[in-house]
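# Chains, contacts and geometry: an overview
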Amino acid sequence: MLLHLFALLVAASTALLIFAGGLVTSTGSGLSVPDWPTTYGWFMLTFPLEKMVGGIFYEHSHRLIASGVGALIVVLAIWLWTSEPRAWVRRLGYVALGAVVTQGILGGITVLWFLPDAVSIAHAGLAQLVFCLTVSIALVTSPGWQRAYADREGPRRRNLDKTLADDSRLRAIATVTTAAIYVQIIVGATMRHTGAGLAIPDFPWAFGRLIPPVWTGPIAIHFAHRVGAVIVTTLVLATIGHVLYHHRSRGELRRPSLLLAALVAIQVTLGALTVLSGKHYIINSLHVVTGALVLGTSLVLTLRAYRARLVGPGEQTICTGAAA
Amino acid sequence: MRLDTADRKGPRRMLGLIVMAVAASACGGGPESSAPATPAPTVSPVNAETAGNIAGRITFEGTPPKPGVVRMDADPNCVQQGATSPDESVLVGDGGAIQNVFVYVKDGLGNLRFPVPSAPVVLDQKGCHYVPHVLGVQAGQSVEIVNSDPTLHNVHALAKANQEFNQGQPLPGMKFTRQFSTREVMVPFKCDVHSWMNAWVGVLDHPYFAVTAADGSFSLKGLPPGTYTIEAWHETLGTQTQSVTIGEKESKDIVFTFKA
């Protein structure tokens, strides 16, 4: 249980880090600290607080939080390595560690190379994968996952498990939804790092029309993100509808579904406000981190949809040794 | 800690070299070079006995934009020097005189090559502003960048034809020099710490450039007789060109007029 709580802390810290990264981009502070891994020649952790002014506040804070998250993931990986009996969960820890190290190096490279779009977009995309890994570890170390959400016993429960285990349609639509959210985030990162965030200045219309009357690269990227939002919202609604219609009694599916609905509503609102506010840096950054939360929630729902198939109807646990 | 980030050695420098080497191999570029391929002449090719001048003034027609102000409260050290300061992007004075217009010979010098001044031009950071806001320099000439502020700055030159650089100056009094190897009008400078700080540097392969003063005047002296394309560049108002012909020892006055 302690490991699960720690994994939750790591996942929450990673979300905070993504918000801090959003602030760096939104305030245009990415190059306010020109060196890396040092900060104006200082070792990162000894940089004087009184010098954290202007854009340095955002960039250096991002680096400090990233260092903290990196350290937490190191501890998490070691903890899993030493106490987790499931090899595949231990491997998740190693992958998370490798991903966060790679992420740090990408962050340094993008500074030293003056924020090339490709590297910055890769940095944004890998951040989401690191978050997904920490969310996954937190999920699979949870007591609920380890007992396969078997809160009740008896024939009714077994029937419910069998219904879910046989529901390949839910697994398919949840997987597609999660993948679509990730693609949408990458398109958003591309829009963000290529400066196309206000290429279409009005909302919900595009230059007063449904389809932009003129096309440029930035307009195309921006419009693709809007179309992506419609696709993702449709897929999310389909997933939620399926869960509520077929598996309403399963709390482990119903709760993330409802949370997903709320988060998508917030995210669409934040997206609109980002445009209407002229990319206010707080709104813009909240849009970034809410995107991560949408992805993480959809991932949890997807993994839980697979859980019944992994355990099989009637079986309570596949990893008794890990159950705390 | 070594104070001058430009001179820092050790692991960071090693990493920087590795990164630059990888970047160079990936992009097909070479390491930062600051010198022209062949040495510049030491003597001017222009006959002073026949040289002429082009002078003039840049004016604004119509109602000039209302002067803006920039807030500097992102850094308490800057606030100490004034909570706000004038926005330098358009400075229109008496009689519509426009300051900070870069005027230069865009075309007409043929293959003439000119000596590179040994004295550097100075770009200072003072009052959390670049001083001057617009300046010119010859390719190969040193630009000395100074931090006269009680706070730290990063000096970020977003060059396209030349090598982009971004270097920190964490302490007051720090300075470093850079050179641009090829012509580029203009190279934007910015400080990412203080988002309002920017400057423009025009890099040319000849000495015939000027920046208009508060009265909008400029002067290009010592030009050989000939026909020239003169361009006036302003950071927000755009560019204008004129063709001007001068004879031996002739001086001509021209006027550029920008409109809202």
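Residues numbered from 1 in each chain as written. Chains lettered and ligands numbered in written order. Predicted model: local features only at pLDDT ≥ 70, side-chain atom pairs only at ≥ 80, totals over all residues.

### Description of the overall build of chain A
Looking only at helices and strands, chain A features ten helices and zero strands. For a compact globule of 324 residues, the expected C-alpha radius of gyration is about 20 Å, and chain A comes in at 21 Å, within 12% of that figure. When its C-alpha atoms are laid out on the principal axes, chain A stretches across 60 × 50 × 25 Å. The proportion of buried residues among the 324 residues of chain A is 45%. The long-range fraction of contacts in chain A, counting pairs at least 24 apart against all pairs at least 6 apart in sequence, stands at 75%. (Helix = DSSP H or I, 4+ residues; strand = E, 2+ residues; numbered from the N terminus. Rg over C-alpha atoms; globule rule 2.2 N^0.38 Å. Buried ≥ 20, exposed ≤ 12 C-beta atoms within 10 Å, placed from the backbone. Contact = placed C-beta atoms within 7 Å.)

### Describing helix H1 (residues 2-26) of chain A
With 25 residues, H1 of chain A should cover 36 Å at 1.5 Å per step; its first-to-last C-alpha distance of 36 Å lies within 8% of that length. Among the residues trailing H1 of chain A, glycine 28 of chain A stands out with phi positive, at a value near 65°. (Expected span 1.5 Å × (residues − 1).)

### Observations regarding the nonpolar core
Nonpolar side chains tend to gather and get buried jointly when the protein is soluble and globular. Core analysis: the largest hydrophobic core is formed by 121 residues, its most contacted members being Ile73, Leu76 and Ala96 of chain A together with Val103 and Val201 of chain B. Apart from residues no more than four positions distant in its own chain, isoleucine 73 of chain A is found in contact with Val10, Ala96, Leu97 and Val100 of chain A. (Core = buried A, V, L, I, M, F, W, Y, C linked by C-beta atoms within 7 Å.)

### A closer look at the sheet that holds strand E18 (residues 251-259) of chain B
The pairing of strands in a sheet happens through backbone hydrogen bonds and is either parallel or antiparallel. All names here are of chain B. Pairing within the open sheet is mixed, and its three strands lie in the order E15-E1-E18. With one partner strand each, in any of the chains shown, strand E15 (217-223) and E18 form the two edges of the open sheet. Neighbour to neighbour, the strand axes of the sheet diverge by 20° on average, direction disregarded. Where strand E1 (residues 52-61) meets E18, nine bridges bridge the pair, whose relative direction is parallel. Its bridge partner being in E18, isoleucine 58 is matched across the sheet by phenylalanine 256. (Pairing = 2+ DSSP bridges. Axes fitted to C-alpha atoms, helices over the stretch in contact; angles between N-to-C directions.)

### What to know about the sheet that holds strand E8 (residues 142-147) of chain B
All names here are of chain B. Spatial strand order, E6-E5-E8-E11: four strands in an open sheet with mixed pairing. With one partner strand each, in any of the chains shown, strand E6 (129-131) and strand E11 (175-179) form the two edges of the open sheet. On average, each strand axis in the sheet is tilted by 25° relative to the strand beside it, whichever way the strands run. Pairing analysis gives three bridges linking strand E5 (residues 121-126) to E6, with the strands arranged antiparallel. Paired with lysine 126 across the strands is histidine 129, a residue of E6.

### Some points on the environment of threonine 39 of chain A
Residues and elements named next belong to chain A. Relative to the elements of secondary structure, threonine 39 occurs in the loop between H1 and helix H2 (54-83). With 24 C-beta atoms counted inside 10 Å, the residue threonine 39 sits in the buried group. The spacing of threonine 39 and proline 256 is 217 residues in sequence and 41 Å in space, taken between C-alpha atoms. Beyond its immediate sequence surroundings of up to four residues, threonine 39 is in contact with Val33, Met44, Phe47, His60 and Arg63.

### Some words on the interface of chain A and chain B
In this assembly, 19 residues from chain A lie in contact with 24 residues from chain B. Among the secondary structure elements, those contributing two or more residues to the side of chain A that touches chain B are H2 and helix H3 (87-112) of chain A. In terms of residue count, H2 of chain A provides more of the side of chain A that touches chain B than any other element does, three residues in total. For the side of chain A that touches chain B, the per-class residue count stands at ten nonpolar, seven polar and two charged. (Nonpolar A, V, L, I, M, F, W, Y, C, P; charged D, E, K, R; others polar.)

### Topic: the domain arrangement of chain A
Residues and elements named next belong to chain A. Taken domain by domain, chain A comprises domain 1 (1-141) and domain 2 (149-324). Placing a centre on the C-alpha atoms of domain 1 and another on those of domain 2 gives a separation of 23 Å. Facing 23 residues of domain 1, the contacting portion of domain 2 comprises 25 residues. Those elements that place two or more of their residues in the side of domain 1 that touches domain 2 are H1 and helix H4 (117-140). Looking at the side of domain 1 that touches domain 2 element by element, the count peaks at eleven residues for H4. Taken together, the residues of the side of domain 1 that touches domain 2 break down into twelve nonpolar, eight polar and three charged. (Domains from an automatic or database assignment.)

### Overview of the packing of helix H8 (residues 217-246) of chain A against helix H9 (residues 251-276) of chain A
Residues and elements named next belong to chain A. Across the interface, H8 lies against H9 with an axial gap of 9 Å and an inter-helix angle of 160°. The angle between H8 and H9 places the two elements in the roughly antiparallel class. Of the two possible hands of crossing, H8 and H9 adopt the one that is left-handed. Every residue of H9 that contacts H8 at Ala229, Thr233, Val236, Thr239, Ile240, Val243 and Leu244 is listed here: Leu253, Arg254, Ser257, Leu260, Ala261, Val264, Val268 and Gly271. For the contact of H8 with H9, the residue count by class is ten nonpolar, four polar and one charged. (Parallel < 35°, antiparallel > 145°, perpendicular 65-115°, else oblique. Left-handed = near helix turned anticlockwise from the far one by under 90°.)

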